[in-house]
Amino acid sequence: MGSDPKNPLPASYEAALQELEALVASLESGQLPLDQLLTGYQRGAQLLKFCRDKLEAVETQIKVLEGTELKPWGQE
């Protein structure tokens, strides 16, 4: 699923999450026509993948910094 040049991906995880939350709220409202529901669903899937990829990249960086195993927060 590539980036749509008419609707580029957000610059940050936080921006993507904010857009995704707004999109979910509009989809759940039940007020959108069918074609907009499909477009919204597709955009939501794109944003979800973007967020997951960002989280995975951060998790990988943490693993590198902490060794090979993640440690629970608050443990030293």
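Preceding this section is the structure that the text describes.
Here is what the cut-offs are and how they apply
- Residues numbered from 1 in each chain as written.
- Predicted model: local features only at pLDDT ≥ 70, side-chain atom pairs only at ≥ 80, totals over all residues.
- Heavy atoms only, no water.
- Helix = DSSP H or I, 4+ residues; strand = E, 2+ residues; numbered from the N terminus.
- Buried < 20%, exposed > 50% of the residue type's maximum accessible area, 1.4 Å probe, protein only.
- Contact = heavy atoms within 4.5 Å.
- Areas by Shrake-Rupley, 256 points an atom, 1.4 Å probe, with all protein chains shown as cover.
- Core = buried A, V, L, I, M, F, W, Y, C linked by side-chain atoms within 4.5 Å.
- Salt bridge = Lys/Arg side-chain N within 4 Å of Asp/Glu carboxyl O.

How should I be thinking about the overall build of the protein chain in this particular structure?
Looking only at helices and strands, the protein chain has two helices and zero strands in total. Burial statistics for the protein chain: of 76 residues in total, 14% are counted as buried. Within the protein chain, contacts between residues separated by at least 24 positions form 70% of all contacts whose residues are at least 6 apart in sequence. Accessible surface, the protein chain: about 6,200 Å² in total, of which carbon and sulfur atoms supply 57%.

What exactly am I supposed to notice about the nonpolar core here?
The tendency in soluble globular proteins is for nonpolar side chains to be buried as a group. Formed by Ala16, Leu20, Leu23, Leu47, Phe50 and Cys51, the largest nonpolar core amounts to six residues. Mapped by element, the contributors of at least two residues to this core are helix H1 (13-29) and helix H2 (34-66). Discounting residues that sit within four places of it in the chain, Cys51 has contacts with Tyr13, Ala16 and Leu17.

What's the story with the environment of Tyr13 in this structure? I'm lost.
Its location among the elements puts Tyr13 in helix H1. Note on Tyr13: relative accessible area 26%, which makes it partly exposed. If we skip the residues at most four places from it in the chain, Tyr13 touches Phe50, Cys51, Lys54 and Leu55.

Explanation requested: the pattern of salt bridges in the structure shown.
When charged atoms on two side chains of opposite charge get close, those side chains can pair. Applying the stated rule across the entire model yields three salt bridges. Its salt-bridge partner being Asp53, residue Lys49 comes within 2.7 Å of it at the nearest N-O pair. Of this pair, Lys49 and Asp53 both sit in helix H2, four residues apart, which is roughly one turn of that helix. Given the relative accessible area of 40%, Lys49 is considered partly exposed. Residue Lys63 is joined to Glu59 by a salt bridge in which the shortest nitrogen-to-oxygen separation is 3.7 Å. Here Lys63 pairs with Glu59, and both are found in helix H2, just four residues apart, close to one helical turn. For Glu59, a relative accessible area of 37% corresponds to the partly exposed category.

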